[in-house]
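# Fold and contact review
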Amino acid sequence: MARGDFHLHSTASDGTLPPADVVALAASRGVEVMALTDHDTTAGVAEAQAAGVAHGVEVIAGIEISTDLADGGDAHLLGYFADAADEALQAQLERYRTGRAERGREILRKLEGLGFPLAWERVTAIAGRAAVGRPHVARAMVEAGYIDNVSLAFDHYLFTGGPADAPRKKLPPAEAVALIRDAGGVAVLAHPRYLPDPPAAIAMLAAAGLHGIEVYYKDHGPEEIARFGQLAATHHLVPTGGSDYHGTKQVEHLPGDLPLPSDAVDAFLSFAQREWSQHPSGVSE
Ligand SMILES: [Zn+2]
Ligand SMILES: [Zn+2]
């Protein structure tokens, strides 16, 4: 079990546990330092940080931003320690959330065409305070009795490019890196294994100012850790890791269940401290 976990989701985006419960779960599993990295929103961070104080867990402000690579595929950028009051950051996140709602409605139109009508109000109720995403639609499908479980809903209808999927307008990844950096944040490439051409994307992002990559992603084995560790070293990027916990799947890596060594936790935190304190508007903690 790792003592650091820098990639966790809550009900502020597409996770199933409220931010405070994610922190409590992480604490119960021995996590000492974590980041809440909900998709396109920092709305859960304050609640998570308050829970962190109660549970003795250091909670770092985080976010995960989805971007489109020029040659297809999408790259997810994690931002840590960014200033939540940064206007450019919040304006961009607001545009993302509007785009998600439009996409959610398009997915429902497609499902209706496939013979699975769902009420928009029901899907937004399931989403709660989060912007509607495919996991919420999948849960509504299960609830309506159209399919047995969320995984099957994705496997058959909602997978990327699937019959009920709809595209969403996203930023180019270099712009997301700039957005995070300009808000005083540390920019890290999430789950590099899912990129179509990881070495090319990492080289491009490193040139755009990327700070780190998730060398120790939840299910990376020794080979992937060596491969991405080498790429990180080549481009002078700091290695990090996360469980990407959502609480949506029947079998899932829980908080702290990731191959992140203790010295990598310390190295990432001291790197972030340096980057953060160098930012012109940076407030040292
Ligand atoms: Zn992701
Ligand atoms: Zn994630």
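Just so we're clear, the structure is a prediction, and the values are computed from it rather than from any experiment. (Residues numbered from 1 in each chain as written. Chains lettered and ligands numbered in written order. Predicted model: local features only at pLDDT ≥ 70, side-chain atom pairs only at ≥ 80, totals over all residues. Heavy atoms only, no water.)

## Remarks on the coordination of the zinc ion (ligand 2)
Going by this rule: For Na, K and Ca the donor cutoff is 3.2 Å, while for all other metals N, O and S atoms count as donors only within 2.8 Å; water does not appear among the atoms, so some sites may look incomplete. Sites are called tetrahedral only when four donors show all angles between 85 and 135 degrees, square planar or octahedral only when four or six donors show opposite pairs over 155 degrees and all other angles between 65 and 115, and irregular in any remaining case. Labels follow the DSSP assignment, with helices taken as runs of H or I lasting at least four residues and strands as runs of E lasting at least two, numbered in each case from the N terminus. Think of it in three bands: residues with accessible area under 20% of the maximum for their type are buried, residues over 50% are exposed, and the middle band is partly exposed, with areas taken using a 1.4 Å probe on protein chains only.
Here the zinc ion (ligand 2) is held by the protein donor atoms His7 (NE2), His9 (NE2), Glu64 (OE) and Asp244 (OD), which lie 2.1 to 2.2 Å from it. One can describe the donor arrangement at the zinc ion (ligand 2) as irregular, given that its 4 donor atoms subtend angles of 80 to 170 degrees at the metal. Taken as a pair, the zinc ion (ligand 2) and the zinc ion (ligand 1) show a spacing of 3.5 Å, with Glu64 coordinating each metal. Residue His7 is found in strand β1 (residues 4–8), and its partner Asp244 is found in the loop between β7 (238–239) and α10 (262–278); the two are separated by 237 residues along the sequence. In this structure Asp244 comes out as buried when scored by relative accessible area, which is 8%.

## Quick look at the coordination of the zinc ion (ligand 1)
Taken together, Glu64 (OE), His76 (ND1) and His191 (NE2) make up the protein donors of the zinc ion (ligand 1), found 2.1 Å from the metal. The class for His191 is buried, based on a relative accessible area of 8%.

## A word on the pattern of salt bridges
Spelled out, the test is: Here, a salt bridge means any Lys or Arg side-chain nitrogen found within 4 Å of an Asp or Glu carboxyl oxygen.
The full count for this structure, using the stated rule, is 14 salt bridges. The shortest N-O distance in the salt bridge between Arg122 and Glu143 comes to 2.6 Å. On the criterion of sequence distance, the pair formed by Arg122 in helix α4 (residues 120–127) and Glu143 in helix α5 (residues 134–143) is long-range, its members being 21 residues apart. Residue classification places Glu143 among the partly exposed residues on the basis of a relative accessible area of 47%. Between Arg134 and Asp165 there is a salt bridge, and its shortest N-O distance comes to 3.7 Å. Here the residue Arg134 occupies a position in helix α5, and Asp165 occupies one in the loop between α6 (150–158) and α7 (173–182), the gap between them amounting to 31 residues. Summarising the burial analysis for this pair, Arg134 and Asp165 share the class buried. Salt bridges here are not isolated pairs; linked through shared partners, they connect Arg3, Glu32 and Asp266.

In short, geometric facts, not functional conclusions.
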